[in-house]
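Coordinates in review
Okay, here's what each chain looks like letter by letter:
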Amino acid sequence: VGEEVPLKCFFKTSSPITESLLVVWTYRPLTGGPMETIFHYQSVPHPITAGRFKGRISWVGNVANGDASIAIQNPTLSDNGTFICSVKNPPDV
């Protein structure tokens with residue numbers, strides 16, 4: 001609580017990395033409910049503009065190195081849940 005938390009995500013692809021590469025981070029609270037998109041990256045980072053993580057997620061990855069990691073600033077216990085990183089680099093998924 002209170003410290004920056006890195007969420008690591010590493011990927012491998014057999015296709016050249018292009019601007020079509022898409023990284024999507026989703027989140028579901030421990031209490032359940034629908035998954036919500038909390039961050040996406042396509043050529044540049046696109047932080048969310050609403051929701052519990054607004055203004056608290058930063059891109060720390062480097063897709064050229066197979067890294068799609070993010071960091072959450074000022075986490076609270078209520079942020080506990082399931083975080084999923086999905087990487088699509090057509091035609092690889």
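Structure: above.
Bear in mind that the values here come from a model prediction, so they are computed numbers and not experimental data.

For the structure shown, the criterion picks out two salt bridges. For D79, the salt bridge identified is with R52, shortest N-O distance 3.6 Å. Linking D79 in the loop between strand 6 (70–72) and strand 7 (81–88) with R52 in the loop between strand 4 (44–47) and strand 5 (57–59), this pair joins segments that are 27 residues apart in sequence. Taking relative accessible area as the criterion, D79 reaches 7% and is therefore assigned buried. According to the relative accessible area criterion, R52 is partly exposed, its value standing at 33%. The partner of R56 in a salt bridge is D79, with the nearest N and O atoms 2.9 Å apart.

One way to say it: the disulfide is the covalent bond shared by the sulfur atoms of two cysteines. With the rule as written, the count across this model stands at one disulfide. Note that C9 is cross-linked by a disulfide to C85, the S-S spacing being 2.1 Å. In this structure the cystine formed by C9 and C85 twists about its S-S bond by roughly -70°; its chirality is therefore left-handed. Of this pair, C9 sits in the loop between strand 1 (5–7) and strand 2 (22–29) while C85 sits in strand 7, placing them 76 residues apart in sequence. C9 sits in the buried class, given a relative accessible area of 9%.

Strand order in the open sheet made by the four strands is 4-3-2-7, with antiparallel pairing throughout. Taken across any chain shown, the strands that pair with only one partner, and hence form the sheet edges, are strand 4 and strand 7. For this sheet the average axis-to-axis angle between neighbouring strands, irrespective of direction, equals 15°. Looking at chain direction, strand 2 and strand 3 (residues 36–42) are connected through five bridges and run antiparallel.

Each aromatic ring pair is described using two quantities: the centre-to-centre distance and the angle formed by the ring planes. Applying the stated rule across the entire model yields five aromatic pairs. A centroid spacing of 4.9 Å and a plane angle of 80° characterise the contact between Y27 and F53, whose relative ring orientation is edge-to-face. With Y27 in strand 2 and F53 in the loop between strand 4 and strand 5, this residue pair connects regions lying 26 residues apart in the sequence. Each member of the pair, Y27 as well as F53, carries the same accessibility label: buried. Put simply, the rings of Y27, F53 and F83 touch in pairs and so form one group of aromatic residues.

Glancing now at the environment of P47. Within the secondary structure, P47 sits in strand 4. By relative accessible area, P47 is classed as partly exposed at 47%. Sequence separation between P47 and D79 is 32 residues; the distance between their C-alpha atoms is 17 Å.

The rules behind each value
- Residues numbered from 1 in each chain as written.
- Predicted model: local features only at pLDDT ≥ 70, side-chain atom pairs only at ≥ 80, totals over all residues.
- Heavy atoms only, no water.
- Salt bridge = Lys/Arg side-chain N within 4 Å of Asp/Glu carboxyl O.
- Helix = DSSP H or I, 4+ residues; strand = E, 2+ residues; numbered from the N terminus.
- Buried < 20%, exposed > 50% of the residue type's maximum accessible area, 1.4 Å probe, protein only.
- Disulfide = S-S within 2.5 Å.
- Pairing = 2+ DSSP bridges.
- Axes fitted to C-alpha atoms, helices over the stretch in contact; angles between N-to-C directions.
- Phe/Tyr/Trp six-rings, centres within 6.5 Å; stacked < 30°, edge-to-face > 60°.

The analysis is restricted to geometry; functional conclusions fall outside its scope.
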